[in-house]
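# Coordinate analysis (summary)
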Amino acid sequence: MVRIGLWLVVWADMALAGARIADLRMDKVSYAPGAIARISVAVANEAAGPFAGELRLTVWNIGDRVAAVARPVVLAAGETAVCTINWPVPPADFTGYGLDADLVSDGQV
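Nothing here was measured: the structure is a model prediction, and the numbers come from that model.

## Overview of the overall build of the chain
The secondary structure content of the chain amounts to 0 helices and 8 strands. Reading the helices (α) and strands (β) of the chain from amino to carboxyl end gives β-β-β-β-β-β-β-β. The 109 residues of the chain split such that 35% are buried. Within the chain, counting contacts between residues at least 6 apart in sequence, those at least 24 apart form 70% of the total. Entry remark: accessible area of the chain is about 6,600 Å², with carbon and sulfur atoms responsible for 55%.

This is how it looks when you write it as structure tokens:
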């Protein structure tokens, strides 16, 4: 089985122009090699104005970047949206992966 761990760091008083990653979930806790992992990321804009940026996901295996995916995020004031990304799990068995999720706007993470 392939294991994917989620390391989610929450900075209590920090937000990127009023937007933040509100939730990050996967459809399973482990996957067979070659399966598709569904990663769902909720992004919330708590600002009084619109937000435009990019959601970046990076998959790691013992310090090596295995995959990187970026999706544009555009939200109206007060809006929350869920971005779902399908990631094909590599064929190696008994391997664990870490997942980083970043919200980027105007060069700031």
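We are not done yet, so read on.
## Regarding the nonpolar core
Membership of the largest hydrophobic core comes to 23 residues, with the highest contact counts inside it found for I39, V41, L57, W87 and L99. Counting only elements with at least two residues in this core, the list comes to β2 (19–26), β4 (36–45), β5 (51–61), β6 (64–75), β7 (80–88) and β8 (96–104).

## As for the environment of A22
Structurally, A22 is set in strand β2. Sequence-wise, A22 and V82 are 60 residues apart; in three dimensions their C-alpha atoms are separated by 9.4 Å. Excluding residues that lie within four positions of it along the chain, A22 makes contacts with A42, V43 and A44.

## Description of the confidence of the model for the chain
Residues at a pLDDT of 70 or more form 84% of the chain, whose mean pLDDT is 86. Counting contacts from residues 5–15, a segment whose pLDDT is below 50, to residues more than four positions away or on other chains yields 9 contacts.

## Details of unusual backbone geometry
Notably, I62 is not glycine yet its phi reads approximately 45 degrees, a positive angle. Tracing the backbone shows I62 in the loop between β5 and β6. Accessibility expressed as a relative area gives 81% for I62, which makes it exposed. Phi is positive for D106, close to 50 degrees, though the residue is something other than glycine.

## Regarding the pairing of β5
Here β5 runs beside β6; their pairing, made up of 11 bridges, is antiparallel. Paired with E54 across the bridge in β6 is P72. Where β5 folds back onto β6 in an antiparallel hairpin, the turn is made up of 2 residues, including I62, whose phi is positive at roughly 45 degrees. The pairing of β5 with β8 spans 7 bridges and is classified as antiparallel. Within the sheet, the bridge partner assigned to L55 lies in β8 and is L103.

## A word on the side chain of T58
As for its placement among the helices and strands, T58 is situated in strand β5. Overall, the relative accessible area of 13% leaves T58 in the buried class.

Here is what the cut-offs are and how they apply
- Residues numbered from 1 in each chain as written.
- Predicted model: local features only at pLDDT ≥ 70, side-chain atom pairs only at ≥ 80, totals over all residues.
- Heavy atoms only, no water.
- Helix = DSSP H or I, 4+ residues; strand = E, 2+ residues; numbered from the N terminus.
- Buried < 20%, exposed > 50% of the residue type's maximum accessible area, 1.4 Å probe, protein only.
- Contact = heavy atoms within 4.5 Å.
- Areas by Shrake-Rupley, 256 points an atom, 1.4 Å probe, with all protein chains shown as cover.
- Core = buried A, V, L, I, M, F, W, Y, C linked by side-chain atoms within 4.5 Å.
- pLDDT = per-residue confidence, 0-100.
- Pairing = 2+ DSSP bridges.

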